[in-house]
Amino acid sequence: MNSSAGKIQVSSEHSVVGNDASAAATAPVQQPLPLAFINGEALIEKPEDLFIPPDALEVILETFEGPLDLLLYLIRKQKFDITVLPIADVTKQYMEYVDAMMALKLELAAEYLLMAAILAEIKSRLLLPKRSDESEEEEDPRAELIRRLKEYELVKQAAEDLDLQPRLERDIFEVSVSTSSNVVPIRVEPDVSLAEVVLAFSQAMKRAEAFEHHTIAREALSTRERMSMILDLLNNTDYSPLEALFTPEEGRAGVVVSFLAVLELVKAQLIFCVQAGPYAKIHVKLGAHEED
Amino acid sequence: MKKINTAQLKQLVEAAIFVADKPISRQQLKDTVLNEFTVADRTLSKILNELKLDYQPRGIQLIEVASGFRFQSLDALSPWLSKLWQESAPKYSRAMLETLALIAYRQPITRGEIEQVRGVAVSSNIIKTLTERGWIKVVGHKEVPGRPALYATTKEFLDYFSMSSLADLPDADAFENMAENSESDPTLKVLNEAPSK
Amino acid sequence: MKKINTAQLKQLVEAAIFVADKPISRQQLKDTVLNEFTVADRTLSKILNELKLDYQPRGIQLIEVASGFRFQSLDALSPWLSKLWQESAPKYSRAMLETLALIAYRQPITRGEIEQVRGVAVSSNIIKTLTERGWIKVVGHKEVPGRPALYATTKEFLDYFSMSSLADLPDADAFENMAENSESDPTLKVLNEAPSK
């Protein structure tokens, strides 16, 4: 895009680009002198013969972003003041370009033809004699077009400036630093409320009607907890003394719970007890009694 | 809340900005790496400023863009650094840049409004490319027949062009003046409701 | 071949290591960013050494790995930096909650027994998730064919739910009655709303 912009620039300054074709291309649309236009009103000399070498023209024409862009180019090239848009003159030049585009069978967007119609309309309104009875507020028919041209020029400038703005991948590069190998993503576990657990339990139990409800009574629970704790304390290989399973600090109730838990575990064949003789110390171990 | 000394805090903030995949904001720093410490806003600002200064003479710089802080290479080194990649940076057409500029300056704006200013149709491809790059997004729909989408630019757009806010756009003043003038001038105001296409 | 002063050279080498996607070797540096300059091996080594020292007190370090040089965050900062990649696990399914509840209320319990109550198979994933969270553990094996594992809840489970022992587990029937009544009794309504952690 820089190169094409450059081309417009060069031809608008009427300088020779170094090849005859492009120099010639600028010739036909040149007007003798800006002085020839007064008030934008009409009387001008006939343009010089229109000869546009197709190759060169095509390059120029294709760089236009639309009718407003083309109009701006024509205005800037002739150093016209946008605010006193010499409509007849610009219209004529515009039509020359549009004709050239058609001749070259360039894809001619409808917008170019629409602009031609707008220009023709403005021109004809300017030619009409002013009616005295009409209010003085009648606006200059060129005003809207001038506003649009100014606005488009601003956008064009903004686009060029945006392109100059330092940008990633072209002018600046993002820094990437790796983490040391012991950085691992942290997983946040979901929150669970106790109410959810309790409800889940009663729902599961409701579905399984086979289960008797008394098994979930509070007392059974602490026995069951003690059963888990005892299983956790014991292992498969070594015997532990039975009294290691009791915590005197818990008082009588605690000892009873532990004793019940041991009985339950023996009944469930999860642990077994051995006693060397009467009144000897009882030892416990994980696993069931082996039947002899 | 634990405390952390300023030297460690600075190392942590520095490393976090370096290893984060995207620019990281003050708030994100507080919500992640700093969340178990009590760090005053002033302290954090001071640290960020110090880091900026620390890197001033170096080959990379700490800068603040729209979505936060990032380290980036020195602008001046780009001719050599670009040799690290086989492909050259993408170039954007005038049509694309003009469309992007209009969305940036006039947001929220419809495609029809862009076409009106540019005087030509905006190809769907341009809108698609800009959307895919994450530079523009639909922020709503205009309550007119057809309910056309309203486009605006994103933080990623500002990040990409090294800006921290829309106020950093070049020519922002010119656009503002243009908008003001057309509003204060009654003749032009009527003309503003331009013949729609 | 052009010359470049050492300060600029250092900036360039530093920035190149920073912006490269992978570790970069001495040779790669010479072939890319440095390819239009005459840089002696000794100079390059000196620069790399200097850079290593420059970053010693900082939050990131220049290190040399098999394929070249790269910057990486300080080991000691990892516990906090990890938070940059924080992800939330999905909420627990009903199957997960029921399994947990059954283990809590009926421990020690085998997987088969849970399946018997629930009427459906308990996926290994559920057991794995609850075990990894540290809420359940194997406390023994039931002496039946196959010696299935017996599951029980852990101390962490009690801690999480602020209970000092399983005796604090609410009586499920009573709890449900309360929940039902609370619809008419505003004072109990609070119980319905799960205590958020």
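The rules behind the values
Residues numbered from 1 in each chain as written. Chains lettered and ligands numbered in written order. Predicted model: local features only at pLDDT ≥ 70, side-chain atom pairs only at ≥ 80, totals over all residues. Heavy atoms only, no water. Helix = DSSP H or I, 4+ residues; strand = E, 2+ residues; numbered from the N terminus. Buried < 20%, exposed > 50% of the residue type's maximum accessible area, 1.4 Å probe, protein only. Contact = heavy atoms within 4.5 Å. Areas by Shrake-Rupley, 256 points an atom, 1.4 Å probe, with all protein chains shown as cover. Pairing = 2+ DSSP bridges. Salt bridge = Lys/Arg side-chain N within 4 Å of Asp/Glu carboxyl O. Core = buried A, V, L, I, M, F, W, Y, C linked by side-chain atoms within 4.5 Å. Buried area = accessible area lost by both parts, 1.4 Å probe. Axes fitted to C-alpha atoms, helices over the stretch in contact; angles between N-to-C directions. Parallel < 35°, antiparallel > 145°, perpendicular 65-115°, else oblique. Nonpolar A, V, L, I, M, F, W, Y, C, P; charged D, E, K, R; others polar. pLDDT = per-residue confidence, 0-100. Polar contact = N/O pair within 3.5 Å; in protein donor to acceptor, adjacent residues only side chain to side chain. Phe/Tyr/Trp six-rings, centres within 6.5 Å; stacked < 30°, edge-to-face > 60°. Lys NZ or Arg CZ within 6 Å of the ring centre and 35° of its normal.

Caption draft 1: Layout of the overall build of chain B. Secondary structure assignment for chain B yields 10 helices and 5 strands. A total of 197 residues make up chain B; the buried ones form 47% of that total. Once local pairs closer than 6 in sequence are excluded, the contacts in chain B between residues at least 24 apart make up 54%. Summing over all exposed atoms, chain B offers an accessible surface of approximately 9,900 Å²; the carbon and sulfur share of this is 51%.

Caption draft 2: Focus on the overall build of chain A. Scanning chain A from N- to C-terminus turns up 10 helices and 4 strands. The secondary structure elements of chain A, listed N-terminal to C-terminal, are α-α-α-α-α-α-α-β-α-α-β-α-β-β. By residue count, 43% of the 292 residues in chain A fall in the buried class. Taking the contacts inside chain A whose residues are at least 6 apart along the sequence as the reference set, 62% of them involve residues at least 24 apart. In the form shown here, chain A has an accessible surface area of approximately 16,200 Å², with 56% of it arising from carbon and sulfur atoms.

Caption draft 3: Quick look at the sheet that holds strand β5 (residues 149-153) of chain B. Residues and elements named next belong to chain B. The strand order β3-β5-β4 describes an open sheet built from 3 strands, whose pairing is antiparallel. The sheet is open, and its two borders are formed by β3 (109-110) and β4 (136-141), each paired with just one other strand. Of the strand pairs in this sheet, β3 and β5 are connected by 2 bridges, and their pairing is antiparallel. Across the sheet, T110 pairs through a bridge with L150, a residue of β5.

Caption draft 4: Structural detail: the pattern of salt bridges. Counting across every chain of the model gives 44 salt bridges over all chains. One salt bridge connects A:R170 with A:D163, and the closest N-O pair in it is separated by 3.6 Å. Given a relative accessible area of 12%, A:D163 falls into the buried group. A salt bridge links B:E132 to B:K128; its shortest N-O distance comes to 3.8 Å. A residue pair is termed a helical-turn pair when its members lie 3 or 4 positions apart in one helix, as B:E132 and B:K128 do in helix α7 (residues 124-132) at 4 residues.

Caption draft 5: The nonpolar core, seen in detail. Ranked by size, the top nonpolar core spans 59 residues in total, and within it B:L34, C:L34 and C:L81 carry the most contacts. Those elements that provide at least two residues to this core are α1 (6-19), α3 (41-55), β1 (60-65) and β2 (68-73) of chain B together with α1 (6-19), α3 (41-55), β1 (60-65) and β2 (68-73) of chain C. Apart from residues no more than four positions distant in its own chain, C:L81 is found in contact with A:V183, B:L12, B:A15, B:A16, B:V19, B:V33 and C:S73. Residues B:I103, B:A104, B:F161 and B:A172 belong to the second largest nonpolar core, which totals 38 residues.

Caption draft 6: The arrangement of the sheet that holds strand β2 (residues 240-241) of chain A in detail. Residue and element names in this part refer to chain A. As summarised here, the arrangement of the 3 strands in space is β2-β4-β3, forming an open sheet in which the pairing is antiparallel. What marks the edges here is a single partner per strand, and that holds for β2 and β3 (271-275). Across 2 bridges, β2 lies against strand β4 (residues 282-286) in antiparallel orientation. For S240, the partnering residue across the bridge sits in β4 and is V284.

Caption draft 7: Broad picture of the interface of chain C and chain A. Each side of the interface is counted separately: chain C has 65 residues, and chain A has 52 residues. Carbon and sulfur atoms make up 61% of the surface buried where chain C meets chain A, a total of about 5,600 Å² over both sides. On the chain C side of the interface with chain A, the three residues burying the most area are C:Y105, C:R106 and C:V117, jointly 12% of the side's total. Scanning the region where chain C abuts chain A turns up 1 salt bridge.

Caption draft 8: Structural context of the packing of helix α4 (residues 67-77) of chain A against helix α7 (residues 143-164) of chain A. Residue and element names in this part refer to chain A. Their axes nearest at 10 Å, the elements α4 and α7 cross at an angle of 95°. The angle between α4 and α7 places the two elements in the roughly perpendicular class. Residue-level contacts link L68, D69, L71, L72, I75 and R76 of α4 to L145, R148, L149, Y152, E153 and K156 of α7. A class-by-class count of the residues in the contact of α4 with α7 yields 7 nonpolar, no polar and 5 charged.

Caption draft 9: Examining the confidence of the model for chain A more closely. Residues and elements named next belong to chain A. In this model, chain A carries an average pLDDT of 73, and 70% of its residues clear a pLDDT of 70 or more. Within chain A, the element-level pLDDT minimum falls on helix α1 (residues 2-12), averaging 36, and the maximum on α7, averaging 92. Low pLDDT, under 50, characterises residues 1-52; the predicted model gives this stretch 75 contacts beyond four residues in sequence or across chains. Confidence over residues 211-220 falls short of pLDDT 50; this stretch has 15 contacts with residues more than four positions distant or in other chains.

Caption draft 10: The interface of chain A and chain B, seen in detail. Taken together, the contacts link 40 residues of chain A with 52 residues of chain B. Here chain A meets chain B over a buried area of about 4,300 Å², counting both sides, of which 63% is carbon and sulfur. When residues of chain A are sorted by the area they lose upon contact with chain B, A:E65, A:L162 and A:F173 head the list and together hold 16% of the total. One salt bridge in this structure joins B:R133 and A:E169, with 3.1 Å as the shortest N-O distance. In this assembly, chain A and chain B are joined by 15 residue pairs in polar contact (both at pLDDT 80 or more). The element contributing the most residues to the side of chain A that touches chain B is α7(A), with 16 residues. Class assignment of the residues belonging to the side of chain A that touches chain B gives a composition of 17 nonpolar, 6 polar and 17 charged.

Caption draft 11: A look at the packing of aromatic side chains. Within the structure shown, the criterion is met by 27 aromatic pairs over all chains. When the ring of B:F157 is compared with that of B:F161, the centres are 5.2 Å apart and the planes differ by 50°; the resulting orientation is tilted. Both residues of the pair, B:F157 and B:F161, count as buried. Pairwise contacts between aromatic rings join B:F18, B:Y55, B:F71, C:F18, C:Y55 and C:F71 into one cluster. Over the aromatic face of C:Y160 sits the side chain of C:R133, whose NZ or CZ is 5.0 Å from the ring centroid.

Caption draft 12: Geometry of the side chain of C:T110. Residue and element names in this part refer to chain C. Mapped onto the secondary structure, T110 falls in strand β4 (residues 109-110). For T110, a relative accessible area of 5% corresponds to the buried category. Ignoring any residue separated from it by four or fewer positions in sequence, one finds T110 in contact with K142, P148, A149 and L150.

Caption draft 13: Expanded view of the packing of α7(A) against helix α6 (residues 111-118) of chain B. Two elements in contact, α7(A) and α6(B), have axes separated by 8 Å at closest approach and are oriented at 105°. Of the possible angle classes, the one that applies to α7(A) and α6(B) is roughly perpendicular. In this structure, α7(A) uses A:R148, A:E151, A:Y152 and A:V155 to contact α6(B), whose residues at the interface are B:Q116, B:V117 and B:R118. Split into classes, the residues belonging to the contact of α7(A) with α6(B) amount to 3 nonpolar, 1 polar and 3 charged.

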